[in-house]
Amino acid sequence: MYNKSDQRALYLIEKLIQFGIQNHMVDKWDITYTRNRLLQLFELDAPYKGEFDVNTEKIPETATPILEELLDYAYSKKLIPHNNSTYRDLFDTRIMGILMPKPSELIERFDRIKKREGIEAATEDFYTLCQKSDYIRVSRIAKNIKWNYESPFGNLEITINLTKPEKDPKEIAALKTAPQVGYPKCVLCPENVGYGGRVNHPPRQTLRTLPLTLDGQRWYFQYSPYVYYNEHCIVLSENHVPMKICKETFVRLLEFLDHFPHYFIGSNADLPIVGGSILNHDHFQGGHYTFPMEKAGIEYSVESDCYPNIDMGVVNWPMSTLRLTSRSREELIEACSHILDIWRNYSDPSVDIVANTKDRDGNIVNHNTITPIARKNSKGQFEIDLVFRNNRTTGNHPLGIFHPHAPLHHIKKENIGLIEVMGLFILPGRLKDELTAIENILTGKIDITDELNDEGHPLNKHLPWIHELIDTHGTGLSEDRAHRVLLDGVGDKCTRVLEDAGVFKTTKEGRKAFNRFLAKCNIHAE
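If you're wondering where the values come from, they're calculated on a predicted model, not measured in any experiment.

Draft legend 1. Structural context of the overall build of the protein. From N to C terminus, the protein includes 16 helices and 16 strands. A globule of 526 residues ought to have a C-alpha radius of gyration of about 24 Å, and the protein, at 26 Å, matches this closely. In terms of principal-axis extent, the alpha carbons of the protein reach across some 80 × 65 × 50 Å. Put simply, the protein has 526 residues, and 54% of those count as buried.

Below, the structure is given as structure tokens:
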């Protein structure tokens, strides 16, 4: 005999099935099959016996409200060992994995829509499915704090990332004691599709990928679960091989644009400090989005007799960027490969650029690499941005000469990867509460106390900035004014982060140094 709680769960299962039908996840022939699998998951023997009127019941835009109630029920039945975000995520992904089309069905659906309506319609449908399934957790992403900042180089886009919930002490303890399984080898491996997850590896029953052939090799296309911009995708190698920027990289980037001409595609650099968070699996990131760097104009044009069919220019951007535009795929690939080869071994100590050093064992350590970004412009031409990077460290700059310097670490200490390079900053979630506290100081709601001198205090790292703000603005600002001052202050810091990361500065001397390097590539100012 079912109690009231059981009856509610059975009703929610019916509601979830209707959600799946309305969002093209469950076919009419799969209703009974899907219902029985959900009943089994919740250890229930028979379905809901009441009436479920599909015409009057309001089905939510996302599955989240239904899932939250079902997760509470699962915890009450001890189907979830702990009622925290890790175990709730593991279980709700199991739920939605039951509704998701099989990988082969998704591939067939994508190809069918692409043939009938075009590639943009196909990617939009796939992206929408990932949102509806809660693979992309729309409700969490909506909590992110976003704003724009008008810098000397154009608008910067800034996000305080609140997508990933804080882990409680039990979750942290579970991570320490969790066995290291080694499967999948990393979160990007194709073996993640359908994987149930562990406390130290995210569940991926709702992950679906599309097979691609790039440069004669198998790659896969998927959407990122942590969407930072529209249709944020990841393109990953079938093989678990390290990141490597080389001639084949440019071949693959341009071939990707043949498949997805409405997307951009780029790669993080392949060295620590200047690369992304995952260096052990070769991959790209792309999407249907226009970044601030793409909107930045050409500061000055350059040309090369070696590549007469390519328009070249230095971009008006704090990260040192050369833009190459052409309809000739082959010439672009050759030019980019040539420039990369020259840069790998280029040194100019006058601007702190040293290509190679030796470690304590006498091994050569390479420091120069490139962050490449490719797209098709409004004229249908290929456009590639080459962003020059160097990861050398010194005693004064132990995290990197061309990395955010120490005075900026209170805002951004992490690597400056592909997304930040293009002008979209992903800042840590801690800043939400910290900026609110600083805002209260600027409005006079709270005073600076000796507690802030304690290194363990969350505002301690901001203390020099706080004093600077007080000296400039005082402590009697209105709430709106204090809020604006902080948003602009963070924006200024982000601009300086990009300036620190630029190998050739935007000064007169920096541009002379940039031109010296370009001359080594047989590229000269017009």
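That shown, we press on.
Draft legend 2. Fine view of the packing of helix α13 (residues 431–442) against helix α15 (residues 479–501). Here α13 crosses α15 at 130 degrees, and the two axes come no closer than 9 Å. Taken together, α13 and α15 sit at an angle that is classed as oblique. The interaxial crossing formed by α13 with α15 has right-handed handedness. On the side of α13, the interface is formed by L435, I438, E439 and L442, while α15 contributes E479, A482, H483, V485, L486 and V490.

Draft legend 3. Representation of a negative patch on the surface in the model. A grouping of E303, D305, D311 and E526 is seen on the molecular surface, where their side chains present a negatively charged patch. Following the sequence through the fold, D311 ends up in strand β9 (residues 311–315). In this structure D311 comes out as exposed when scored by relative accessible area, which is 53%.

Draft legend 4. Here's a closer look at the state of the cysteines. Considering all chains together, one arrives at zero disulfides under this definition. Distance from the sulfur of C186, which forms no disulfide, to the nearest cysteine sulfur (C189) is 3.8 Å.

Draft legend 5. Structural view of the nonpolar core. The biggest cluster of nonpolar side chains holds 102 residues, and the ones touching the most others in it are F42, F221 and F256. Formed by 50 residues, the second largest nonpolar core is a distinct cluster that contains W147, M293, L418 and L424.

Draft legend 6. Examining the pattern of salt bridges more closely. Using the criterion set out here, one finds 32 salt bridges in the structure. Notably, a salt bridge pairs D258 with R329, separated by 3.0 Å at the nearest N-O pair. Pair noted here: D258 is in helix α9 (residues 247–259) and R329 is in helix α11 (residues 329–344), with a separation of 71 residues, a long-range link. Its relative accessible area of 40% is what places D258 among the partly exposed residues. Taking the shortest distance from any N to any O, the salt bridge between K445 and E479 comes out at 2.5 Å. Here the residue K445 occupies a position in the loop between α13 and α14 (463–473), and E479 occupies one in helix α15, the gap between them amounting to 34 residues. Taken together, the salt bridges that share partners define one network made up of D89, D92, D134, R137 and R140.

Draft legend 7. Representation of the sheet that holds strand β7 (residues 283–287). Strand order in the open sheet formed by 11 strands is β3-β4-β5-β7-β6-β13-β14-β10-β9-β8-β16, with antiparallel pairing between adjacent strands. In this open sheet, the two edge strands, each paired with only one partner strand, are β3 (210–214) and β16 (524–525). Both strand β13 (residues 368–376) and strand β14 (residues 382–390) contribute to a ladder of nine bridges, which runs antiparallel. Of the residues in β14, the one forming a bridge with I373 is D385. Against the sheet, α11 engages β10 (321–326), β13 and β14, with an angle of about 5 degrees to β14.

Draft legend 8. Structural context of unusual backbone geometry. Residue P184 follows Y183 across a cis peptide bond; omega there is -20 degrees. Here P184 shows up in the loop between α8 (169–177) and β3. Although it is not a glycine, D134 adopts a positive phi angle of roughly 70 degrees. Topologically, D134 is positioned in the loop between α6 (119–132) and α7 (138–141). Of note in the backbone geometry, D352 takes a positive phi value of approximately 70 degrees without being a glycine. Mapping D352 onto the fold places it in the loop between α11 and β11 (356–358).

Draft legend 9. Up close: α11. Between its terminal C-alpha atoms α11 stretches 22 Å, which fits the 22 Å expected from 16 residues at 1.5 Å a residue. If you check which residues of α11 are buried, you get E331, L332, I333, A335, C336, S337, I339, L340 and W343. Considering only its buried residues, α11 is in contact with α9, β10, β13, β14 and α16 (508–520).

Draft legend 10. Broad picture of the pairing of strand β5 (residues 233–237). Across the five residues that make up β5, a large majority, five, are buried. Residues C233, V235 and S237 point to one face of β5 and I234 and L236 to the other, with burial holding for every one of them. With five bridges connecting them, strand β4 (residues 217–223) and β5 associate as antiparallel partners. Bridging across to β5, W219 finds its partner in S237. Summarising the sheet, β5 and β7 pair through four bridges and their orientation is antiparallel. Across the sheet, residue V235 finds its bridge partner in β7, namely F284.

Draft legend 11. Inspection of the packing of aromatic side chains at higher detail. Summed over the entire model, instances satisfying the criterion amount to 30 aromatic pairs. Relative to Y223, the ring of F221 has its centre 5.2 Å away and its plane inclined at 85 degrees; by these criteria the two rings are edge-to-face. A centroid spacing of 6.1 Å and a plane angle of 25 degrees characterise the contact between W343 and Y346, whose relative ring orientation is stacked. Through a chain of ring-to-ring contacts, three or more aromatic side chains come together here, namely F110, F126, Y127, F221, Y223, F256, F260 and Y263.

Draft legend 12. Focus on the packing of helix α1 (residues 4–22) against helix α3 (residues 64–76). In contact at an axis separation of 10 Å, α1 and α3 are set at 145 degrees when each is read in the N-to-C sense. Here α1 and α3 pass one another in a crossing that is left-handed. Together, S5, D6, R8, A9, L12, I13, K15, L16 and F19 of α1 and I66, E69, L70 and Y73 of α3 make up the contact between the two elements. Taken together, the residues of the contact of α1 with α3 break down into eight nonpolar, one polar and four charged.

Calculation rules
- Residues numbered from 1 in each chain as written.
- Predicted model: local features only at pLDDT ≥ 70, side-chain atom pairs only at ≥ 80, totals over all residues.
- Heavy atoms only, no water.
- Helix = DSSP H or I, 4+ residues; strand = E, 2+ residues; numbered from the N terminus.
- Rg over C-alpha atoms; globule rule 2.2 N^0.38 Å.
- Buried < 20%, exposed > 50% of the residue type's maximum accessible area, 1.4 Å probe, protein only.
- Axes fitted to C-alpha atoms, helices over the stretch in contact; angles between N-to-C directions.
- Parallel < 35°, antiparallel > 145°, perpendicular 65-115°, else oblique.
- Left-handed = near helix turned anticlockwise from the far one by under 90°.
- Contact = heavy atoms within 4.5 Å.
- Patch = residues over 30% accessible without salt bridge, like charges linked within 9 Å, V, L, I, M, F, W, Y side chains within 5 Å.
- Areas by Shrake-Rupley, 256 points an atom, 1.4 Å probe, with all protein chains shown as cover.
- Salt bridge = Lys/Arg side-chain N within 4 Å of Asp/Glu carboxyl O.
- Lys, Arg positive; Asp, Glu negative; His and termini not counted.
- Charge placed at Lys NZ, Arg CZ, Asp CG, Glu CD.
- Disulfide = S-S within 2.5 Å.
- Core = buried A, V, L, I, M, F, W, Y, C linked by side-chain atoms within 4.5 Å.
- Pairing = 2+ DSSP bridges.
- Expected span 1.5 Å × (residues − 1).
- Phe/Tyr/Trp six-rings, centres within 6.5 Å; stacked < 30°, edge-to-face > 60°.
- Nonpolar A, V, L, I, M, F, W, Y, C, P; charged D, E, K, R; others polar.

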